[in-house]
Amino acid sequence: EPEVTQTPSHQVTQMGQEVILRCVPISNHLYFYWYRQILGQKVEFLVSFYNNEISEKSEIFDDQFSVERPDGSNFTLKIRSTKLEDSAMYFCASEEGRKYEQYFGPGTRLTVT
Amino acid sequence: AQRVTQPEKLLSVFKGAPVELKCNYSYSGSPELFWYVQYSRQRLQLLLRHISRESIKGFTADLNKGETSFHLKKPFAQEEDSAMYYCALRDTGFQKLVFGTGTRLLVSP
């Protein structure tokens, strides 16, 4: 069964550094998402992406964040200048169409020191 | 604002006992409700959604609009049901999921 994949599984970075988290959604899916989960807290929506543009974003998704689908298969989340509070598990999800099922990746644990 | 509340962080039961994981939501429209499950070291996966009205792995959930609840139930818990369970809501006009804080279900032998 096709799955969403994410790399790396764990990323450690220093405060102020840029990080890029990568996701490969399921190949025929059209909608893409990033969520994050700070340790001990709920899974929070960051951004949704459709037709090569952001369709919805949360208040968390400020100018430090950006998303891209550079080559038709990867879907990336960039954090320009990481802060300690960006430490979290970041989940990518994809969906075949509107109101289908969102399939989640295994997550990337980001640790900012 | 949309909100999903799961009042129990941990629910511990014995194998064969009934299980009810509570979920309440606040939303003014007609949301779509889901239960997601995360087994140890695995990814989040959809367990069931209210519009499909299915029973998956013996679990059922009924949307009660009057009580704004979507509790997850299983008559006889199994050890393999031990996992983290998240209730989630989706606004009819949007794509994003709004999650509750999750309930860890622990089923002991």
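Residues numbered from 1 in each chain as written. Chains lettered and ligands numbered in written order. Predicted model: local features only at pLDDT ≥ 70, side-chain atom pairs only at ≥ 80, totals over all residues. Heavy atoms only, no water.

**Examining the overall build of chain B**
The cut-off we apply is this: Helix and strand assignments come from DSSP, with helices taken as H or I runs of at least 4 residues and strands as E runs of at least 2, each series counted from the N terminus. A radius of gyration in this sense is built from C-alpha atoms; the matching globule rule multiplies 2.2 Å by the number of residues raised to 0.38. In this scheme, a residue with accessible area under 20% of its type's maximum is buried, one over 50% is exposed, and one in between is partly exposed, where area comes from a 1.4 Å probe on protein chains only. Note on contacts: a residue pair qualifies if any of its non-hydrogen atoms lie within 4.5 Å across the two residues. Under the convention used here, a 1.4 Å probe and the Shrake-Rupley method define accessible areas, while residue burial counts only the protein chains that appear. None of His or the chain ends enter the tally, which takes Lys and Arg as positive and Asp and Glu as negative. A charge is said to be at NZ when it belongs to Lys, at CZ for Arg, at CG for Asp and at CD for Glu.
Within chain B, the secondary structure is distributed over 0 helices and 11 strands. Written out in order from the N terminus, the α and β elements of chain B read β-β-β-β-β-β-β-β-β-β-β. The C-alpha atoms of chain B give 13 Å as radius of gyration, which agrees with the globular expectation for 109 residues (13 Å, within 12%). Reported as C-alpha extents along the three principal axes, the dimensions of chain B are approximately 45 × 30 × 25 Å. Of all 109 residues assigned to chain B, the portion counted as buried reaches 49%. Once local pairs closer than 6 in sequence are excluded, the contacts in chain B between residues at least 24 apart make up 58%. Carbon and sulfur atoms make up 51% of the accessible area of chain B, which amounts to about 5,500 Å² in all. Within chain B, the 10 negative side-chain charges are centred at a point lying 6 Å from the centre of the 15 positive side-chain charges.

**Details of the state of the cysteines**
Condition: To count as a disulfide, a pair of cysteine sulfur atoms needs to be within 2.5 Å.
Per the counting criterion, the structure on display carries 2 disulfides over all chains. Here Cys23 of chain A pairs with Cys92 of chain A through a disulfide, and the sulfurs are 1.9 Å apart. Classification of the bridge connecting Cys23 of chain A and Cys92 of chain A rests on its S-S torsion, roughly -65°, and on that basis the disulfide is left-handed. With Cys23 of chain A in strand β3 (residues 19-24) and Cys92 of chain A in strand β9 (residues 88-95), this residue pair connects regions lying 69 residues apart in the sequence. By relative accessible area, Cys23 of chain A is classed as buried at 1%. A sulfur-sulfur distance of 2.0 Å marks the disulfide that ties Cys23 of chain B to Cys87 of chain B. Taking the torsion about the sulfur-sulfur bond, which here is approximately -65°, the covalent link between Cys23 of chain B and Cys87 of chain B counts as left-handed. Of the two residues, Cys23 of chain B is situated in the loop between β3 (19-21) and β4 (24-26) and Cys87 of chain B in strand β9 (residues 83-90); the sequence distance between them amounts to 64 residues. Of the two residues examined, Cys23 of chain B and Cys87 of chain B, each falls in the buried class.

**Concerning the confidence of the model for chain B**
Convention followed: pLDDT expresses, on a scale from 0 to 100, how confident the predictor is about each individual residue.
Predicted confidence across chain B gives a mean pLDDT of 92, with 100% of residues reaching 70 or more. Put simply, strand β6 (residues 45-49) of chain B is where chain B has its lowest mean pLDDT, 93, and strand β11 (residues 103-108) of chain B is where it has its highest, 98.

**Thoughts on the side chain of Asp81 of chain B**
Residues and elements named next belong to chain B. For the record, the criterion: What qualifies as a polar contact is a pair of N or O atoms within 3.5 Å, subject to a donor-acceptor requirement within protein and to the restriction that residues adjacent in sequence count only when both atoms come from side chains.
Tracing the backbone shows Asp81 in the loop between β8 (72-74) and β9. One polar contact links Asp81 to Lys74, side chain to side chain, over a distance of 2.8 Å. There is a polar contact of 2.8 Å between the side chain of Asp81 and the backbone nitrogen of Gln78.

**A few points about the sheet that holds strand β7 (residues 60-61) of chain B**
Residues and elements named next belong to chain B. To be explicit about the condition: Whether two strands pair depends on DSSP finding at least two bridges between them.
Strands sit in the order β3-β8-β7 across an open sheet of 3 strands; the sheet is antiparallel. In this open sheet, the two strands that pair with only one neighbour each are β3 and β7. The pairing of β7 with β8 spans 2 bridges and is classified as antiparallel. Within β8, the position partnered with Ala61 by the bridge is Leu72.

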